[in-house]
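# Chain and residue survey
Residue strings, one per chain:
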Amino acid sequence: MADKLRAQQQLEQLQTRYVGVGHADTTKQYGSHFFSQLEWLSNVQRDSLAAYIGHPAMLEHFSVALNEPQERVRVQFIDKMIQPCGPPKDKEEI
């Protein structure tokens, strides 16, 4: 029982320290939790883009694959971080 409590405390500590690991309301479930799913997907996409920007070798790999200069790819990734999963859908469409 103590291990379970310790694991829960560590998870809560990570959740307060790092936004990308989610919180109790962040879920991947479908249906009525669409906006929580969108939040989770956005966090994952932003974390990935930040990792690509932060590692010059990865950025170079993407720039070669896209046949674009590194700076242009970096700016495109930064622009994608604003709305990584596209504009949010209305509640009526769900």
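Predicted model only: the values in this text are computed from it and were never measured.

## Let's talk about the overall build of the protein
- Looking only at helices and strands, the protein features 4 helices and 0 strands.
- Put simply, the protein runs from its N terminus to its C terminus through helices and strands in the order α-α-α-α.
- Considering only contacts in the protein between residues 6 or more positions apart, those separated by 24 or more positions represent 42%.
- For the protein, the exposed area adds up to about 7,500 Å²; of that, 55% sits on carbon and sulfur atoms.

## Section: the packing of aromatic side chains
- Within the structure shown, the criterion is met by 3 aromatic pairs.
- Seen in terms of ring centroids, Y52 and F77 are 5.9 Å apart; in terms of plane orientation they differ by 50°. Their pairing is tilted. With Y52 in helix α2 (residues 34–54) and F77 in helix α4 (residues 70–80), this pair connects stretches of sequence that are 25 residues apart.
- A residue is classified by how much of its surface remains accessible, and Y52, at 23% relative accessible area, is partly exposed.
- Judged by centre distance (5.3 Å) and plane angle (85°), the rings of F62 and F77 are edge-to-face. Placement of F62 in helix α3 (residues 56–66) and of F77 in helix α4 is noted, with a sequence separation of 15 residues between them.

## Here's the deal with the pattern of salt bridges
- One pass over the structure, following the stated rule, counts 2 salt bridges.
- Ionic pairing is found between E68 and R72, a salt bridge with its closest N-O pair at 3.1 Å.

## Describing the confidence of the model for the protein
- Summarising the model, the protein shows a mean pLDDT of 78, and 71% of its residues fall at 70 or more.
- Mean pLDDT across the elements of the protein bottoms out in helix α1 (residues 2–17) (76) and peaks in α3 (95).

## Side note on the packing of α3 against α4
- For the pair α3 and α4, interaxial distance at closest approach is 9 Å and the crossing angle is 100°. Taken together, the axes of α3 and α4 are roughly perpendicular relative to one another. Facing P56, L59, E60, F62, S63 and L66 of α3, the residues of α4 in contact are Q70, V73, R74 and F77.
- Split by residue class, the contact of α3 with α4 holds 6 nonpolar, 2 polar and 2 charged.

## Quick look at the environment of C85
- If you trace the backbone, C85 turns up in the segment after α4.
- By relative accessible area, which is 34% here, C85 ends up partly exposed.
- Along the sequence, C85 and L41 sit 44 residues apart, while their C-alpha atoms lie 7.1 Å from each other.

What counts, and where the lines are drawn
Residues numbered from 1 in each chain as written. Predicted model: local features only at pLDDT ≥ 70, side-chain atom pairs only at ≥ 80, totals over all residues. Heavy atoms only, no water. Helix = DSSP H or I, 4+ residues; strand = E, 2+ residues; numbered from the N terminus. Contact = heavy atoms within 4.5 Å. Areas by Shrake-Rupley, 256 points an atom, 1.4 Å probe, with all protein chains shown as cover. Phe/Tyr/Trp six-rings, centres within 6.5 Å; stacked < 30°, edge-to-face > 60°. Buried < 20%, exposed > 50% of the residue type's maximum accessible area, 1.4 Å probe, protein only. Salt bridge = Lys/Arg side-chain N within 4 Å of Asp/Glu carboxyl O. pLDDT = per-residue confidence, 0-100. Axes fitted to C-alpha atoms, helices over the stretch in contact; angles between N-to-C directions. Parallel < 35°, antiparallel > 145°, perpendicular 65-115°, else oblique. Nonpolar A, V, L, I, M, F, W, Y, C, P; charged D, E, K, R; others polar.

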